[in-house]
Amino acid sequence: MKTKAINMVDLKRQKVLIFWAAAITIYGIIFNYLPLAGWLMAFQNYKPVTGLLHSQFVGLAKFKLLFSDVSFLRVIRNTLAMGVINLAVTFFMAILFAILLNEMASKGGKKVVQTISYLPHFLSWIIVTGILHDALSGTGIINTLLLHFGAVTQPINFFAHEKYFWPIVAFANVWKETGWNAIIYLAAITSIDPSLYEAAAIDGAGRWAKIKHVTLPGIKPTIMILLLMNVGNVLNAGFEIQYLLGNGLVQNVSQTIDIYVLKWGISQGDYSIGTAAGIFKSVVAIVLIVICNHLAKKHGEERLF
Amino acid sequence: MKKKMVSALLLTSMLASMFSGCGKAQASGGAVNEDGIKEFTAFFAVPGSEINDDNEIQQIIAEKTGCKVKETWLTGQTAEEAVGTLIAGGEYPDFIEGGNGSKQLYEAGALVALDDYIDKYPNIKEYFTEQEWDQLRQSDGHIYWIPQFSNIYGQERACTHNDEAFWIQARVLEWAGYPKVETMDEYFDLIEAYNEANPTMADGTTTNIPYTILCDDWRYFCLENAPEFLDGYPNDGSCIVDPDTLKVIDYNTTDTAVKYFKKLNEEYKKGIVDPESFTQTYDEYIAKISSGRVLGMIDQWWDFAYTGEDAIKSAGLDEQGCQYVPLPITIEKGMKNQWHNSGGVLNVSSGLAITTSCKDVEGALQFVNDLLDQDIHDLRFWGVEGEDYLVGDDGLYYRTPEMRKQAADTAYKAAHTCSYSYFPQYSGTSRDGKNAMKSDGQEQEFFDGLSEPIKKCFEAYGAKTYVEMLGTSEKPGPWYPMYTYSNTLTTDTPGGTAWTKMGEIKHQYLPKVVMADDFEKGWDEYMKAYNECKPEDFISEMQTELERRMEEAAKYE
């Protein structure tokens, strides 16, 4: 491709795009870059009464404190574990769901299923956790079914055991987001050239072979981009769901970095340590994205930068 | 192009998700509305229910005092989280009650010092003695908040036991012929026997929950602090104070604590303790209480009475004996119990404060002063004469059964009643020398309002009030209660850090201990984790505070 100099005609033709780009840039500066000044707090013994300008600087003391705290290491583990599990499951389920939906013959049925499946996305977590709490309670539908079919003799107390917590969170995420995440893949699938399917059919490909050799390669760029972006989000394993579903018994596996920040930064009033934990999270996210992007580049795949 | 679309879409959704989290600024000030009424805002860091905007009594008070306060309450957060968020935002409502976050508000410089104003307002001045005002001074020597509760005017008129106890439904006691219940063993034997004979409620299908434990966040006192009461000590809350030696004792590690949790463990294995105890939320707990299924529990009266008990009354379950009475339980027979203490408790750790965002401090304080006038106080806690209560020939206030019924009705409360419940208030006797400051202290009115099963129960035990079910004691000493200090601890001190960690460990291990297959092993694990929190740091800071309080008190003798 040859690059040519930008002239006024181009600018004029793209004025809408330029306008949006400018708006988003300004937004980014105001809401994403300017607040970074607050990172100063992490290097201070910040007190609201003295403010950012007059608080005492303590260097890396807050970071040292942070990493010598066993419970912080534990929340990193929890966040990473839940982040990776959630990413893997929701990612896989969304692709699977999109492909299955695409294979549905009935147009109407497809629309109905699609609409129903992405509705949970619009529910807030407080409602989803409320439903989960009811469904998984001693007299809830799950335990009633398990008892009915004789799978257990006593109702399982799902929220009292550490081993159930991560799977419950993963399940909730899948239930809530699969339909929504699948939309992008469905969009990608519809833009695959139909002649490819026809050609495949002529070559004797069945359904399975078409999925494998046409659909999947067709949406591969989308998959790669989404994977890259989501990897950076691994440490955003969630806040609401763990906060709302957690209790004293499972706190060892339920607390995430965000909850830690809330607890020490806001509740205990140590804004510095909260900020330090937040910085740590951002740094890890950037490192992860760079690594994955590099890997993608190396394998000649679609990438972010 | 298609790829661009995808990334544009992603970008938009990403940006949209970043919008969340921006708080909205709170309007503030004491601005005057079109009716000439000053309007203030207030935030209370406790859960509560908002009243309707056109609430009738609020309107009457506004006409009389020229002021109105829009109250908001805690929802779904802890007090510290809510307060921390306010501090981070830097904008406050006019009035605030910070609960456990009060110290943080003070440290953030968010509160107005009240000392210079107090003398100008006679009702506020009268509200505390000099000694009590001095107890409220913070480290900089100023007074920032006014505790609202347990202030007794004139003679004390306590009918309800507004504190913690082992509660049991009246129907259980009636079935057993009102036996004497003094120990945990007797209490659980009774519940077990009743539940075996009557596994369901009167409808024959709803199964009973013999014993449940509320364990949600800060409300886990229902599980954790019983050992201090079982040993016959009063509610110092975070520790025991030996009144003879004036030494602070940790109630978490006493022999009584072991016995108490072992008993719970046994009952859990027998299926008497509700298996959902440790995972239920406060709302789920209240729903259980309201259904009348729960035979017994430990709780503070105020924690379930105005929600659970009121619901029991509304549903007519009170006539089936589903209301609760407290029992004087100790670890051994024949010990003196101090579940109930007479006299007011000055909780110096928090109270109503005015923030630096308030533009009309004098107007705000004038309103607080007016709320303590007898006629306004009657409006707050009795209601409108002729509508909510009647005055007898002897000058005593009383209510008809219909009035009592509507007073417990949620919709009526929201539309009509406005007690400004987190503003300073009195209990005890009214300035007329006859009536009680609040309706629940009016003896005859209290007794007439009781359901038949409760009346019969009181009669059987020779009690006239809830308090007489337990007996009462004087407050043990000038230090009492110590929880007003532990509530203000922050992680800035080793003791405060220990206190926070102890809380975390107890939240995690106490349920485990109760559910353990092998109690001894579970207890050992708990003690190992507990001792790693350095509870001795906490105890030594409490000891220092105890000594400080004794010295302060000595100055006034």
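Nothing here was measured: the structure is a model prediction, and the numbers come from that model. (Residues numbered from 1 in each chain as written. Chains lettered and ligands numbered in written order. Predicted model: local features only at pLDDT ≥ 70, side-chain atom pairs only at ≥ 80, totals over all residues. Heavy atoms only, no water.)

Let's talk about the environment of S290(B)
Residue and element names in this part refer to chain B.
Okay, step 1: Mapped onto the elements of the fold, S290 is located in helix α13 (residues 282-290).
Okay, step 2: Exposure remark for S290: the relative accessible area of 17% places this residue in the buried category.
Okay, step 3: Taking the C-alpha atoms as reference points, S290 and Q323, separated by 33 residues in sequence, lie 9.6 Å from one another. (Helix = DSSP H or I, 4+ residues; strand = E, 2+ residues; numbered from the N terminus. Buried < 20%, exposed > 50% of the residue type's maximum accessible area, 1.4 Å probe, protein only.)

Remarks on unusual backbone geometry
All names here are of chain B.
Okay, step 1: Cis geometry marks the peptide bond from Y480 to P481; its omega dihedral reads -5°.
Okay, step 2: Within the secondary structure, P481 sits in the loop between α21 (466-470) and α22 (483-486).
Okay, step 3: Within the chain, Y178 stands out as a residue other than glycine whose phi angle is a positive 50°.
Okay, step 4: Along the chain, Y178 falls in the loop between α8 (170-175) and α9 (184-197).

So, the packing of aromatic side chains
Okay, step 1: Counted according to the given criterion, the structure contains 59 aromatic pairs over all chains.
Okay, step 2: Between F67(A) and F280(A), the aromatic rings sit 5.3 Å apart at their centres with planes inclined by 75°, giving edge-to-face as the arrangement. In this pair, F67(A) sits in helix α4 (residues 61-67) while F280(A) sits in helix α15 (residues 271-298), placing the two residues 213 residues apart along the sequence.
Okay, step 3: F67(A) gets classed as partly exposed once you look at its relative accessible area, which sits at 37%.
Okay, step 4: A relative accessible area of 18% means that F280(A) is categorised as buried.
Okay, step 5: Its guanidinium or amino end placed over the ring of Y282(B), R219(B) lies 3.5 Å from that ring's centre, counting from NZ or CZ.
Okay, step 6: Taking NZ or CZ as reference, K438(B) lies 4.9 Å from the ring centre of F381(B), over its face. (Phe/Tyr/Trp six-rings, centres within 6.5 Å; stacked < 30°, edge-to-face > 60°. Lys NZ or Arg CZ within 6 Å of the ring centre and 35° of its normal.)

Examining the pattern of salt bridges
Residue and element names in this part refer to chain B.
Okay, step 1: Counting across every chain of the model gives 41 salt bridges over all chains.
Okay, step 2: Note that K120 is salt-bridged to E362, the shortest N-O span being 3.4 Å. Separated by 242 residues along the polypeptide, K120 in the loop between α5 (115-118) and α6 (122-127) and E362 in helix α15 (residues 361-371) bring together distant segments of the chain.
Okay, step 3: Relative accessible area serves as the criterion here: at 43%, E362 is assigned to the partly exposed category.
Okay, step 4: The residue E267 makes a salt bridge to K270 at a minimum N-O spacing of 3.5 Å.
Okay, step 5: A cluster of three or more residues bridged by salt bridges with shared partners is formed by D185, E192, K263, E266, E267 and K270. (Salt bridge = Lys/Arg side-chain N within 4 Å of Asp/Glu carboxyl O.)

Structural notes on the interface of chain A and chain B
Okay, step 1: Counting residues at the interface gives 36 residues for chain A, matched by 37 residues for chain B.
Okay, step 2: Summing both sides of the interface, chain A and chain B together bury roughly 3100 Å²; the carbon and sulfur share of this comes to 59%.
Okay, step 3: A per-residue breakdown of the area chain A buries against chain B is headed by Y27(A), L249(A) and Q268(A), which together make up 18% of the total.
Okay, step 4: Where chain A meets chain B, there are 3 salt bridges.
Okay, step 5: Across the pair K512(B) and E162(A) runs a salt bridge, and its minimum N-O distance is 3.9 Å.
Okay, step 6: Taken together, the links from chain A to chain B amount to 10 residue pairs in polar contact (both at pLDDT 80 or more).
Okay, step 7: For the side of chain A that touches chain B, the elements supplying multiple residues, two or more each, are α2 (15-33), α7 (125-135), α9 (162-190), α11 (207-231), α13 (251-254) and α14 (257-267) of chain A.
Okay, step 8: Considering each element in turn, the side of chain A that touches chain B owes the most residues, 5 residues, to α14(A).
Okay, step 9: Split by residue class, the side of chain A that touches chain B holds 16 nonpolar, 15 polar and 5 charged. (Contact = heavy atoms within 4.5 Å. Buried area = accessible area lost by both parts, 1.4 Å probe. Polar contact = N/O pair within 3.5 Å; in protein donor to acceptor, adjacent residues only side chain to side chain. Nonpolar A, V, L, I, M, F, W, Y, C, P; charged D, E, K, R; others polar.)

Quick notes on helix α12 (residues 255-269) of chain B
All names here are of chain B.
Okay, step 1: Helix length check: α12, at 15 residues, gives a terminal C-alpha distance of 21 Å against a target of 21 Å (1.5 Å per residue), a fit within 8%.
Okay, step 2: Listed in full, the buried residues belonging to α12 are T256, A257, Y260, F261, K263, L264, N265, E267 and Y268.
Okay, step 3: Positive phi appears at G271, one or two residues downstream of α12, with a value of about 85°. (Expected span 1.5 Å × (residues − 1).)

Looking at the pairing of strand β12 (residues 324-327) of chain B
Residues and elements named next belong to chain B.
Okay, step 1: Burial of β12 is two-sided: the residues Y324 and P326 facing one way and the residues V325 and L327 facing the other way are all buried.
Okay, step 2: Examined bridge by bridge, strand β7 (residues 164-169) and β12 share 4 bridges and lie antiparallel to one another. Counted as the bridge partner of W167 is P326 from β12. (Pairing = 2+ DSSP bridges.)

What about the nonpolar core?
Okay, step 1: Counting residues in each nonpolar core, the largest one holds 113 residues, and the members touching the most others are F166(B), Y187(B), Y211(B) and F261(B).
Okay, step 2: Both of domain 2 (164-344 + 464-470) and domain 3 (483-554) of chain B provide at least three residues apiece to this core.
Okay, step 3: For Y187(B), the contacting residues outside a window of four places in its chain are F166(B), W167(B), I168(B), V181(B), Y211(B), G296(B), M297(B), L327(B) and I329(B).
Okay, step 4: Judged by nonpolar contacts, the second largest core, of 65 residues, contains M41(A), L365(B), Y420(B) and Y426(B). (Core = buried A, V, L, I, M, F, W, Y, C linked by side-chain atoms within 4.5 Å. Domains from an automatic or database assignment.)

Here we look at the domain arrangement of chain B
Residue and element names in this part refer to chain B.
Okay, step 1: Segmenting chain B into domains produces domain 1 (31-154 + 347-385 + 413-438), domain 2 (164-344 + 464-470) and domain 3 (483-554).
Okay, step 2: In this structure, domain 1 and domain 3 have C-alpha centres spaced 32 Å apart.
Okay, step 3: Across the boundary between the two partners, domain 1 contributes 7 residues, which contact 8 residues of domain 3.
Okay, step 4: Between domain 1 and domain 3, the buried area comes to about 620 Å², and carbon and sulfur atoms account for 51% of it.
Okay, step 5: Run the count over domain 1 and domain 3 and you get 0 salt bridges.
Okay, step 6: There are 0 residue pairs in polar contact (both at pLDDT 80 or more) connecting domain 1 and domain 3.
Okay, step 7: Considered class by class, the residues forming the side of domain 1 that touches domain 3 number 1 nonpolar, 4 polar and 2 charged.

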